[in-house]
Amino acid sequence: VATPTRHYIITLLPDDGIGPEVISVAKNVLQLTGSLEGIEFGFKEMPVGGAALDLTGVPLPEETLLAAKQSDAVLLGAIGGYKWDKNQKHFKPEIGLLQLREGLKVFANLRPACVLPQLVDASTLKKEVAEGVDLMVVRELTGGIYFGKPRGFGTNENGDEIGFNTEVYATYEIDRIARVAFETARKRGRKLCSVDKANVLEASMLWRQRVMAISSEYPDVELSHMYVDNAAMQLVCNPKQFDTIITNNIFGDILSDEASMITGSIGLLPSASLGEAGPGLFEPIHGSAPDIAGQDKANPLATVLSAAMLLKYGLGEEKASQRIETAVLDTLNRGFRTGDIYSEGNKLVGCKDMGEEVLNSISPKI
Ligand code: ATP
Ligand code: MG
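In the annotation of an unreviewed UniProt entry, the protein chain is listed under the name 3-isopropylmalate dehydrogenase and assigned to Camellia sinensis var. sinensis. One UniProt comment on the protein chain, placed under Sequence similarities (unreviewed entry), says "Belongs to the isocitrate and isopropylmalate dehydrogenases family." Its UniProt record gives the protein chain the following Function (unreviewed entry) comment, quoted word for word: "Catalyzes the oxidation of 3-carboxy-2-hydroxy-4-methylpentanoate (3-isopropylmalate) to 3-carboxy-4-methyl-2-oxopentanoate. The product decarboxylates to 4-methyl-2 oxopentanoate."

Below, the structure written as structure tokens:
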């Protein structure tokens, strides 16, 4: 019995720099994958960032947020560029991304860091250390010290000027990110490491206590704890020990950048931002790359892999997601490389051709 066709509405936010080039590739990949898996996509393209500023005067038009909220998932290309860095007095295009995250209430940021066997030489680490790394950082995105109050400037009792911030986490904030992390670990290697500073910080003590409490709902996932200073060190000396890492906003900011550099290739790394209900936001971790925009040089694989995350974590379509990941590996195995990951002996291709090769890997033309 054939499974009935599933329908999903996807909001595409291609916008600035290389965004349109990489989104166009990812859209074709989703469409072909869908046709083989009994999935039908309705795509709605909306403006955001610098392009939206030029068009409407704001970086996140109301219509764009509404379309995003009403869809099943959102796929974003990139935001920002030289043009707006210079002239905008009031709004920066990047504000659009913050407003979008806030509007979609996406509190969980998932960033995988995977060292592909084909690209192990791109890693900043020694081959023996880098080989086989496949980890995921789950970062709390809407709480902690970046948002905690009180914050500001003042003076202390000696009349010295001070700046201060507050690390605050409420039980519900920890519980919901913990559940996302346990669910994520469950779809991966069933090992979760919670990173905190519970020897010094009260917010971290509550964090650890709540993560332990939630772990009783996930007896199949093995939980461990690590202090953040140790975790930063372990990530570069023995990253293979990690499967899924859960941590707060500020530690996750730092550790996810550290983890991504283990792979050495910014053009390959996807990300997902998830809320409790409602659509998730999926985007490559790289920016708009204005230096290569419009030249057909961008690596589209980070966005293609973001589309794979969209299927897995956003829609629960794990088989379709796997099909895309396999196709990306196959494309690399066949030697195709964009400039950012090129090494001698391989075939140098542009953004469009890389996209065509991924399509060929998904459905070989005989
Ligand atoms: P952000 O917008 O997050 O501030 P950024 O300006 O720090 O980002 P990027 O726009 O990501 O940085 O670009 C950094 C460098 O990496 C540039 O030289 C850019 O050309 C390159 N780069 C980024 N993404 C890609 C890609 N998909 N393919 C090839 N090169 C890329
Ligand atoms: Mg930039």
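**Concerning the environment of N165**
With respect to the helices and strands, the residue N165 is situated in the loop between β7 (161–164) and α7 (171–186). In this structure, the C-alpha to C-alpha distance between N165 and E357, residues 192 residues apart in sequence, is 49 Å.

**Concerning the nonpolar core**
Residues L75, V138, V304 and A307 are the most contacted members of the largest nonpolar core, which totals 98 residues. The element that contributes the greatest number of residues to this core is helix α11 (residues 301–314), accounting for 10 residues. When sequence neighbours within four positions are dropped, the list of residues in contact with A307 reads A26, V29, L30, L75, F282 and I324.

**With respect to the site of ligand 1**
Neighbouring ligand 1 are 14 residues, the closest being G267, H286, G287, A289 and N299. Taken together, the residues that form the shell around ligand 1 break down as 6 nonpolar, 6 polar and 2 charged.

**Looking at the environment of D160**
Here D160 is to be found in the loop between β6 (152–155) and β7. According to the C-beta neighbour criterion, D160 is exposed, with 8 such atoms within 10 Å. The spacing of D160 and G355 is 195 residues in sequence and 58 Å in space, taken between C-alpha atoms.

**So, helix α10 (residues 249–263)**
Helical geometry note: an α-helix holds 3.6 residues per turn, so side chains three or four residues apart project in the same direction. With 15 residues, α10 should reach 21 Å at 1.5 Å per residue; the first-to-last C-alpha distance of 22 Å fits that figure. When α10 is considered as a whole, its buried residues turn out to be N249, F251, G252, L255, S256, A259, S260 and T263. In an axial view of α10, the angular spread of the buried residues amounts to 150°, which keeps them on one side of the axis. Residues of α10 that are buried in the fold lie against β4 (108–114), β5 (134–140), β8 (191–196), α9 (228–237) and β10 (244–247). One or two positions beyond α10, positive phi appears at G264, with a value near 75°.

**Overview of the pairing of β6**
Examined bridge by bridge, β6 and β7 share 4 bridges and lie antiparallel to one another. Note on β7: the bridge partner recorded for T155 is E161. Linking β6 back to β7 in an antiparallel pair, the connection comprises 5 residues, with G159 at a positive phi of about 85°.

**Overview of helix α2 (residues 49–56)**
Restricting attention to buried positions, one finds in α2 the residues G49, G50, A51, A52 and L53. Backbone geometry just downstream of α2 places G57 in the positive-phi region, at approximately 90°.

**So, the packing of α9 against α10**
Remark: α9 packs on α10, axes separated minimally by 10 Å, with the N-to-C direction vectors making an angle of 10°. Between α9 and α10, the angle is such that the two are roughly parallel. Contacts between α9 and α10 involve V228, A231, A232 and L235 from the former and F251, L255, E258 and A259 from the latter. Counted by class, the contact of α9 with α10 contains 7 nonpolar, no polar and 1 charged residues.

**A closer look at the sheet that holds strand β12 (residues 280–284)**
Strand order in this open sheet of 10 strands is β2-β1-β3-β12-β11-β4-β5-β10-β8-β9, and the pairing throughout is mixed. Lying at the two open borders of the sheet, with one neighbouring strand each, are β2 (39–45) and β9 (222–227). On average, each strand axis in the sheet is tilted by 25° relative to the strand beside it, whichever way the strands run. Two strands pair when backbone bridges link them, and β8 and β9 are joined in this way by 6 bridges, in the parallel orientation. Paired with D196 across the bridge in β9 is Y227.

**Here we look at the packing of helix α12 (residues 318–333) against helix α13 (residues 351–362)**
Where α12 meets α13, the closest approach of the two axes is 8 Å, and the angle between their N-to-C directions is 115°. In this structure, the crossing between α12 and α13 has a hand that is right-handed. Judged by residue contacts, R323, A327, V328, D330 and T331 of α12 engage E357, V358, S361 and I362 from α13. A breakdown of the residues in the contact of α12 with α13 according to their chemical character gives 4 nonpolar, 2 polar and 3 charged.

Cut-offs applied
- Residues numbered from 1 in each chain as written.
- Chains lettered and ligands numbered in written order.
- Predicted model: local features only at pLDDT ≥ 70, side-chain atom pairs only at ≥ 80, totals over all residues.
- UniProt positions renumbered as here; feature names shortened; annotations may be inferred.
- Helix = DSSP H or I, 4+ residues; strand = E, 2+ residues; numbered from the N terminus.
- Core = buried A, V, L, I, M, F, W, Y, C linked by C-beta atoms within 7 Å.
- Buried ≥ 20, exposed ≤ 12 C-beta atoms within 10 Å, placed from the backbone.
- Contact = placed C-beta atoms within 7 Å.
- Near = placed C-beta within 6 Å.
- Nonpolar A, V, L, I, M, F, W, Y, C, P; charged D, E, K, R; others polar.
- Expected span 1.5 Å × (residues − 1).
- Arc of directions from axis to C-beta.
- Pairing = 2+ DSSP bridges.
- Axes fitted to C-alpha atoms, helices over the stretch in contact; angles between N-to-C directions.
- Parallel < 35°, antiparallel > 145°, perpendicular 65-115°, else oblique.
- Left-handed = near helix turned anticlockwise from the far one by under 90°.

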